[in-house]
Amino acid sequence: MRHLLLVVALAAVAASSTACATVKPWQRGQLANRCMQFDPDGGFAAFRGHWQESREGASGGSGLQGGGCGCK
Amino acid sequence: MRAVASLLFLLGLSTQAFAQDAITPAPAIELPAEAGAPIALASLKGKVVLIDVWASWCVPCKAAFPAYDEMYRKYKDRGFEVLAVNVDEKRADAERFLRDRRHVLKVVFDPKGEAPLKFKVRGMPTSYLVDKRGNIRFAHEGFTAKDVALYERRIEALLAEAP
Amino acid sequence: MAASRLRQALPLLLGGVILAGAVAWSRGAVAQQQEPALNIQFHGFTDSRGVTVLSPTVDLDRDFTDRTGLRFRFGVDAISAASDSCIRCHAEGAHNQRVYTSASFVRKYGDTAVTVGGEISKEQFYLANTAMTSISRTFNDANTTVAGGYSFSWNRPTLHPAEFAENQFAQNAYVSLTQTLTRSTIAQFGYEISTVNGYQSNPFLRALLNGVRTVGEAPDHRLRHTLTARLRQALPKDTYLEGDYRYYTDDWDLTAHSFSVGLSHYFTPHLSVTGTYRQHSQTGTYFYAPAYTGSPEFFTADFRLFPFDSKLYTGRVVYTPEGRLFSGMFPEGSGVTFQYEYYNADNGFEALTVSTGLRIPLKRR
């Protein structure tokens, strides 16, 4: 139940955010910089996620997962 | 239950109509050029004008720039003009881009974004073809190499029209 | 108990993805585009458990039309393990190799992008097969993006030194919202849920049970939740701030907080340097113990399920020269990245990674 509320809360934020002041397409100069992207070097983030998952108990948060590995 | 309610709410979100290609007069713009003196769109009446809204940070804009310059060289003797409206907030970024690219098309600077606001630009880059009477005839968003043939067909059609 | 949890989780899984899908299909504005590029990377990892991994990868992102694209990935992990779990029987250390490949196809319908893909990962003693799909939609002049995805994995761990393989099935679903807040601020929120069913013990690690080293026994079912919040902020003078937070919890009672903050600066328009600090802290699972007595239902020596805190320090340099890289060998816009990371946990564990990558943009079609 608690988790369903979380999903609904996210959806509500999504709905309300469409009413936010918008940045026009020609004003996106700073947003276009690679440092403003969430994972500019996908392979680097994937490698880090992989070794962290083989050494830490938590995982996820970066989109879809592969099937893991038999890491020792 | 709450999930269904929020689903319906989201589906009811108002939609934004996409910019249609319609025959409307091009908004009046007057912007400083590279040499410093301003260029007004009104002064180009009687010519077919390609207005390209571009920025140094926009990747497809970098591919479009030399293509538009080529088109300008090809058709300028027949009454064709290209007005490349730069919307970089920092002039230095635009100048770094232009420094290494030989061009004959006319670049004008619009750091405050007055032109894209008047033209209701929805994405970068967007280009407009304005006919000899000053009406917007075609609007095109984005750029790929395949677009060049399409542009040339449209430019030739507009050049063939009476002023 | 496990079956009722699964029944509770399934509608949530489906609900989350359907909700994201419905939001994505309602009308919106301009779509964003991923730039086509070829990425060649080389990663190296070494840790205090005696494991060293060298990992070359190739990543190709290419578009066929302005509406379709293909993403292809291939990598090899050359693993040499001289860890306590291997040295027991392999005094000279053990070598393993993991080969993985993935492909995904993207199709855009107006402002919606649909992706379908899969991944296969094969190594000695483990095989993983994954199928995945995701959908994303932009709204509001591309200021808002809603995305959702689902993946299904069939994994086969081999119970080395025994020859037989167990089965493991994992399902994973996520929803995310990305929102531009100002011209210089962008935030992302995400929720992910995952269920893992089947063999989840670690065949290589032995727990101390009544003084005897015994292969651990973990529950057959795991339900995991992850919440993430991320921020990117452009600051004056070509400087950028990044912040990421992840909250994790599962039904094995393992809870973790991971927080990272970083700063990037462009020393020239072509050279950027980034420093990042990440702090991770986790509890242990409910069946965690340093040693066990009696006949516990679950027991484990898997260090990942133990409580600990850790710190990660990352330094990265990206060089994107104007004109051409290496005097004309690579097209304009190519760049190289160098990264160094040091990881330190309060249980004494340490790791080091060194990575390098070359990015070559491809022509758009």
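No experiment lies behind these values; they were computed from the predicted model shown.

Chemist: Tell me about the overall build of chain B, residues and numbers included.
Modeler: The helix and strand inventory of chain B stands at five helices and eight strands. Starting at the N terminus and ending at the C terminus, chain B contains elements arranged as α-β-β-β-β-α-β-α-β-α-β-β-α. Counting over 163 residues, chain B shows a buried share of 33%.

Chemist: Tell me about the interface of chain A and chain C, and name the residues and values.
Modeler: Contacts between chain A and chain C engage 42 residues on the former and 84 residues on the latter. Looking at the side of chain A that touches chain C, the elements with two or more residues in it are helix H1 (2-17) and helix H2 (42-53) of chain A. No other element matches the nine residues that H1(A) contributes to the side of chain A that touches chain C.

Chemist: Explain unusual backbone geometry to me, and be specific about the residues and the numbers.
Modeler: A negative phi holds for most residues other than glycine; trans holds for most peptide bonds. Cis geometry marks the peptide bond from B:Met124 to B:Pro125; its omega dihedral reads -5 degrees. Here B:Pro125 lies in the loop between helix H4 (114-119) and strand S7 (126-130). In this model, C:His160 is joined to C:Pro161 through a cis peptide bond whose omega is 10 degrees. Notably, C:Asn140 is not glycine yet its phi reads approximately 65 degrees, a positive angle. In this fold, C:Asn140 is placed in the loop between strand S6 (126-139) and strand S7 (144-157). In this structure, C:Ala142 takes a positive phi of about 65 degrees despite not being glycine. Among the secondary structure elements, C:Ala142 is positioned in the loop between S6 and S7. Exposure remark for C:Ala142: the 24 C-beta atoms within 10 Å place this residue in the buried category.

Chemist: Can you break down the pairing of strand S5 (residues 80-86) of chain B residue by residue, with the values?
Modeler: Residue and element names in this part refer to chain B. Most of S5 is tucked away, with seven of its seven residues classed as buried. Burial of S5 is two-sided: the residues Phe 80, Val 82, Ala 84 and Asn 86 facing one way and the residues Glu 81, Leu 83 and Val 85 facing the other way are all buried. Direction of pairing for strand S4 (residues 48-54) relative to S5: parallel, over a ladder of seven bridges. Bridged to Val 48 within S5 is Phe 80. Handedness of the β-α-β unit built from S4, helix H2 (residues 59-75) and S5 comes out right-handed. Both S5 and strand S6 (residues 106-109) contribute to a ladder of four bridges, which runs parallel. Along S6, the bridge assignment pairs Ala 84 with Val 107.

Chemist: Provide a residue-level description of the sheet that holds strand S1 (residues 24-25) of chain B, including the pertinent values.
Modeler: All names here are of chain B. With mixed pairing, six strands are arranged side by side in an open sheet as S1-S8-S7-S4-S5-S6. The open sheet has two edge strands, S1 and S6, and neither has a second partner. Taken together, the two bridges between S1 and strand S8 (residues 135-141) define a ladder with antiparallel strand orientation. In the sheet register, Thr 24 faces S8, and the bridge partner there is Ile 136.

Chemist: Please set out the environment of B:Ala26 residue by residue, giving values where relevant.
Modeler: Inspection of the secondary structure puts B:Ala26 in the loop between S1 and strand S2 (30-32). The spacing of B:Ala26 and B:Lys90 is 64 residues in sequence and 26 Å in space, taken between C-alpha atoms.

Chemist: Report on the nonpolar core, specifying residues and quantitative values.
Modeler: Grouped together as the largest cluster of nonpolar side chains are 37 residues, with contacts concentrated most on B:Ile51, B:Val53, B:Trp54, B:Ala55, B:Leu83, B:Ala84 and B:Val85. Sorting the residues of this core by element identifies S4, H2, S5, S6, H4 and S7 of chain B as the ones contributing at least two each. With six residues, the single largest contributor to this core is S4(B). Once residues within four sequence positions are removed from consideration, B:Val53 is found in contact with A:Trp26, B:Val85, B:Val87, B:Ala115, B:Pro116, B:Val121, B:Met124, B:Pro125 and B:Thr126. Judged by nonpolar contacts, the second largest core, of 13 residues, contains A:Phe44, A:Phe47, C:Val53 and C:Tyr343.

Chemist: Describe the packing of H2(B) against helix H5 (residues 147-160) of chain B, listing the residues and the values that go with them.
Modeler: Angle between the axes and distance between the axes are the two parameters that describe a pair of packed helices. All names here are of chain B. In the contact formed by H2 and H5, the axes pass within 11 Å of each other and the chain directions differ by 35 degrees. Handedness of the crossing formed by H2 with H5: right-handed. For the pair H2 and H5, contact is made by Ala 67, Met 71 and Tyr 75 and by Val 148, Tyr 151, Glu 152, Ile 155 and Leu 159, respectively. In the contact of H2 with H5, the residues fall into seven nonpolar, no polar and one charged.

Reading the values: rules and limits
- Residues numbered from 1 in each chain as written.
- Chains lettered and ligands numbered in written order.
- Predicted model: local features only at pLDDT ≥ 70, side-chain atom pairs only at ≥ 80, totals over all residues.
- Helix = DSSP H or I, 4+ residues; strand = E, 2+ residues; numbered from the N terminus.
- Buried ≥ 20, exposed ≤ 12 C-beta atoms within 10 Å, placed from the backbone.
- Contact = placed C-beta atoms within 7 Å.
- Pairing = 2+ DSSP bridges.
- Right-handed = clockwise from strand over helix to strand, strands pointing away.
- Core = buried A, V, L, I, M, F, W, Y, C linked by C-beta atoms within 7 Å.
- Axes fitted to C-alpha atoms, helices over the stretch in contact; angles between N-to-C directions.
- Left-handed = near helix turned anticlockwise from the far one by under 90°.
- Nonpolar A, V, L, I, M, F, W, Y, C, P; charged D, E, K, R; others polar.

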